[in-house]
Amino acid sequence: MLGSIFTTMKKPMCFSFSTTFIIILMYNTNYGLHNSNLILRAQCTVLSPNMTSCNAPSDIPALELEILNCCAPPPATTPLPLFTPNPTLYPTLKVRRPAHLPNATYGDTLARAYSLMKDLPPEDPRSFAQQANIHCAYCNTVYNQNNSTDLLFQVHGNWLFFPFHRWYLYFHERILAKLLDDDTFSLPFWNYDHPNGSTMPWMYIQYPVLMDDYRNPDHMPPTVVSIDYTYNAETRSTEEQLHENAAYVYRSLVRDAESKYRFFGYPFKHGEAPRTLYGTVEEFPHNSMHVWSGSANTVGGKDMGSLYAAARDPVFYTHHAELDRMWVLWKDMEGNEDIDKAEYLDAEFAFYNEDAELVRVKVRDALDTRNLGYVYEEVDVPWMVQGVPVRLSDGVAELRSSDKLCEAGEWIVAPCSATVKRDMAAVAQGAEEENLIMAGLTWTEGMSAILDVFLNLPSATANTTSGCEEFVGTFHNAAQFSEGRNSSDFRLHVGGRIRALNLTSESSLVFTFVPKGLSLGSPTTFNFLVMQYPPMSHNN
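Everything numeric here is computed off the predicted structure, so don't read it as measured data. (Residues numbered from 1 in each chain as written. Predicted model: local features only at pLDDT ≥ 70, side-chain atom pairs only at ≥ 80, totals over all residues. Heavy atoms only, no water.)

A. Inspection of the environment of glutamine 131 at higher detail. When you line up the elements, glutamine 131 lands in helix H3 (residues 128–139). A sequence separation of 221 residues divides glutamine 131 from tyrosine 352, and the C-alpha atoms of the two residues are 9.1 Å apart. (Helix = DSSP H or I, 4+ residues; strand = E, 2+ residues; numbered from the N terminus.)

B. Structural view of the pattern of salt bridges. Going through the model one piece at a time under the given rule, you end up with 27 salt bridges. In this structure, arginine 174 engages glutamate 354 in a salt bridge whose closest nitrogen and oxygen atoms are separated by 2.7 Å. Of this pair, arginine 174 sits in helix H4 (residues 161–180) while glutamate 354 sits in the loop between strand S7 (348–352) and strand S8 (358–362); the two residues are 180 residues apart in sequence, bridging distant segments of the chain. Glutamate 354 sits in the buried class, given a relative accessible area of 12%. Put simply, arginine 312 and aspartate 303 hold a salt bridge, and the shortest N to O gap is 4.0 Å. Among the charged side chains, a salt-bridge network with shared partners connects Lys94, Arg96, Arg166, Glu173 and Asp324. (Salt bridge = Lys/Arg side-chain N within 4 Å of Asp/Glu carboxyl O. Buried < 20%, exposed > 50% of the residue type's maximum accessible area, 1.4 Å probe, protein only.)

C. Region of the structure containing the sheet that holds strand S13 (residues 471–476). Strand order in the open sheet formed by 4 strands is S10-S15-S12-S13, with antiparallel pairing between adjacent strands. Each of the sheet's edge strands pairs with one partner strand only, and the pair in question is strand S10 (416–421) and S13. With direction set aside, neighbouring strand axes in the sheet form an average angle of 25°. In this structure, S10 lies alongside strand S15 (residues 508–516), joined through 6 bridges in antiparallel fashion. Bridge pairing in S15 links alanine 418 to phenylalanine 511. Lying over the sheet, helix H6 (residues 238–255) contacts strand S12 (450–455) and S13, oriented at roughly 110° with respect to S13. (Pairing = 2+ DSSP bridges. Axes fitted to C-alpha atoms, helices over the stretch in contact; angles between N-to-C directions. Contact = heavy atoms within 4.5 Å.)

D. Region of the structure containing unusual backbone geometry. Of note, the bond from proline 221 into proline 222 is cis; its omega dihedral lies within 30 degrees of zero at 15°. As for its position among the elements, proline 222 is in the loop between helix H5 (203–206) and H6. Residues phenylalanine 284 and proline 285 are joined by a peptide bond in cis, for which omega reads 10°. You can see proline 285 is positioned in helix H8 (residues 280–293). A positive phi is found at asparagine 147, a non-glycine position, where the angle reads about 75°. Of note, asparagine 147 is situated in the loop between strand S6 (144–145) and H4. In this structure, asparagine 502 takes a positive phi of about 60° despite not being glycine. Checked against the element boundaries, asparagine 502 lands in the loop between helix H13 (495–500) and S15.

Structure representation (structure tokens):
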């Protein structure tokens, strides 16, 4: 939000991250100035958190909210110093390795590092409890945006997702290295996009300090991960699940990451309220692996299954190292590059460093891992071949009398289909995006709900592979626990699928909705379906 903002306040909201300050003194004794009043005129062009604000975290179970305070210790001094990494300090780049490969020597070192972190006093910002609180604070909107008393700061569901977590892991790793007195220490990454790394990493099971009480006991080795949420050994073999995993990773990094915003998430700028516009990787495998790892018997699926509690499990950090690596893999593909808008590059976060000093950092300084002193070990990426989708439909689908039709307001307990009209005028004008909106998508409160969506394939069932061109995406309400919430509008990008299936000239499309997990979860229903054509300014 550009321009000047005039505010009268007891504490200036923009003291640590503003780009321009003009202070005018008047009379008010509240500031220790004889009969003086402080009026702050600040021009804040940078999206950043106000570290002196401390709201109750949002979307938290009521029983947890009574005991939870995830605000960071307040800054000792202001303004916060800007930390800029110096690559010359890293003559030898650290190498983050797959979590399933290191030997017991590294396992012992990793366990000792976390033991030292957990032994720190809980009020120490480098302690494990405080490190876990960072995720709660930034992801459950504890902080206001600077220069605002009501707009919140959020790093999920927008383009801040990747750079925030890269900086988070950077300082977390630096703290562990300082505690070990070993500058060469590096975190491992959970290589679940490769069959050899597709189970819970052995170190996070063998060492008690790396364990967590709130994991799903059914998801211990040899059970392989389920990037599509729905693995059931009774209905899907390990080989079939590995194929589904490859298909999901390929879609997130290649097929559906057809633009910067589709990959990173959509803009979130200073002066805007947070909104959930996920990038491809944040949806899968980020959200799905959080849910897969968390307990199915706790409210919200904590620890890993809920944003506020996820970082209490040490496996969180190796999970996010894998996601950070996926940013590297995507950038290494021909034609891909980082977002270059100033509102993105100049956005800031604040973290306590290895010396327990609160510093601020910018997105622009986290675009290259080598600038931060580390790289990822190169390993095979079999999903680049195995995940390539195949087409199952032939021509343009038409609904038959035997096909079950979806009805607005009716619970979807079996696959059903619906025809949705397109706005051909918007298409003719070259609409940048084309989305399907499921308005008023509703489920039973407190229960999991999963719904797969296919285009041009009315024969789709729960056994239809997601590794097909017709698969559009999945709705899952467990990406974040929200007490008292049981409905939302669900948006799916379908423009790429329309083009891939040669449906660009069709005035209507057939969508098929397939419920999953009904034995333990809730069916869904919706108010209406409509195609959406965001304006070009949507991405500005």
